[in-house]
Amino acid sequence: MTDTAAESALLTAEPALLTADLTADLTADLTADLGADFGAAGPDEPGLLPMGRADAVVFVVGDAERAAHRYAVALGLRCTAYAGPETGEPEIVSYVLQAPGTRFVLTSLVQVIGPRGRELAGHLARQGDGVIDLSVAVPDVCYAYDYAVDRGAASLAEPYEVRDAYGTVVLAAIGVPGGTRHTLVDRSRYRGPYLPGYVPCERW
């Protein structure tokens, strides 16, 4: 993994402070991107952001295994899930690292086959290693998606379901000014290690 600003900031942060600040920073970023009224609620409309919380910070990197090992050692995170060609994901290798209140996903490209591979390759070519997605857990993806799009967010993926033996996850994706991607996640009916396509993994 290259020595990027994102990596430097993470590897020099105090783990306790990093964990404590993640949810607040993610919520603040999303509020700022969509405008101050994003979290405001009318008399008959519940506010979105008070119900949301950080789900994951997703990085695209040149070498996911090496990066995940470094983050796990430096920040005291635990590897909990893996996806790759062996699990039916031919385009990527991805490791999920967790601590209480914190989830990082380190993903690298194996080969370009479809839109996802092209997206990752394009990001790496333009910007190098870095954050590609800030995911937010919400109790109702359809409502959160409609709420955000009505207030100026770009629709990147309408709400859809993915499932495996562990259950069902509802996902949608929005884009906000500045090009940041936010995936909206409802995993209330899911008991797997991360998302369908990932298997439990304890590497470090």
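Bear in mind that the values here come from a model prediction, so they are computed numbers and not experimental data. (Residues numbered from 1 in each chain as written. Predicted model: local features only at pLDDT ≥ 70, side-chain atom pairs only at ≥ 80, totals over all residues. Heavy atoms only, no water.)

Participant: Would you mind going over the overall build of the protein chain with me for this structure?
Facilitator: The helix and strand inventory of the protein chain stands at five helices and nine strands. Counting from the amino terminus, helix and strand elements in the protein chain follow one another as α-α-β-α-β-β-β-α-β-α-β-β-β-β. In the protein chain, buried positions account for 46% of the 204 residues. Sequence-distant contacts, at least 24 apart, represent 62% of the contacts inside the protein chain between residues at least 6 apart. On the protein chain, roughly 9,700 Å² of surface is accessible, and the fraction owed to carbon and sulfur atoms is 54%. (Helix = DSSP H or I, 4+ residues; strand = E, 2+ residues; numbered from the N terminus. Buried < 20%, exposed > 50% of the residue type's maximum accessible area, 1.4 Å probe, protein only. Contact = heavy atoms within 4.5 Å. Areas by Shrake-Rupley, 256 points an atom, 1.4 Å probe, with all protein chains shown as cover.)

Participant: I tried to follow a negative patch on the surface on my own but got confused; where do I start?
Facilitator: On the surface, Asp 140, Asp 146, Asp 150 and Glu 158 cluster together into a negatively charged patch. When you line up the elements, Glu 158 lands in strand S6 (residues 154–164). A relative accessible area of 57% places Glu 158 in the exposed class. (Patch = residues over 30% accessible without salt bridge, like charges linked within 9 Å, V, L, I, M, F, W, Y side chains within 5 Å. Salt bridge = Lys/Arg side-chain N within 4 Å of Asp/Glu carboxyl O. Lys, Arg positive; Asp, Glu negative; His and termini not counted. Charge placed at Lys NZ, Arg CZ, Asp CG, Glu CD.)

Participant: Sorry, what's going on with the sheet that holds strand S1 (residues 53–60) here?
Facilitator: In a beta sheet, neighbouring strands pair by backbone hydrogen bonds and run either parallel or antiparallel. Pairing within the open sheet is mixed, and its nine strands lie in the order S6-S7-S8-S5-S1-S4-S3-S2-S9. Two strands in the sheet have a free side with no partner beyond their single neighbour: S6 and strand S9 (199–200). Where strand S5 (residues 130–137) lies against strand S8 (residues 180–190), two bridges are found, and the strand directions are parallel. Residue Val 136 lies in a different strand from S8, and its bridge partner there is Leu 184. Relative to the sheet, helix H5 (residues 141–150) contacts S6, strand S7 (167–176) and S8, its axis offset from that of S7 by approximately 5°. (Pairing = 2+ DSSP bridges. Axes fitted to C-alpha atoms, helices over the stretch in contact; angles between N-to-C directions.)

Participant: Honestly, the packing of aromatic side chains in this entry has me stumped. Any pointers?
Facilitator: Each aromatic ring pair is specified by the distance between its two centres and by the angle formed by the two planes. Evaluation of the coordinates by the stated rule reveals seven aromatic pairs. Between Phe 59 and Phe 104 the ring centres are 5.7 Å apart and the planes differ by 85°, which places this aromatic pair in the edge-to-face class. With Phe 59 in strand S1 and Phe 104 in strand S4 (residues 102–109), this pair connects stretches of sequence that are 45 residues apart. In this structure, Phe 59 and Phe 104 share a single accessibility class: buried. What links up through ring pairs into an aromatic cluster is the set Phe 59, Tyr 71 and Phe 104. (Phe/Tyr/Trp six-rings, centres within 6.5 Å; stacked < 30°, edge-to-face > 60°.)

Participant: For this particular structure, what's the right way to read the side chain of Arg 187?
Facilitator: Mapped onto the secondary structure, Arg 187 falls in strand S8. Given the relative accessible area of 16%, Arg 187 is considered buried. One polar contact links Arg 187 to Asp 55, side chain to side chain, over a distance of 3.1 Å. Residues in contact with Arg 187, not counting those within four places in the same chain, are Asp 55, Arg 103, Tyr 194 and Leu 195. (Polar contact = N/O pair within 3.5 Å; in protein donor to acceptor, adjacent residues only side chain to side chain.)

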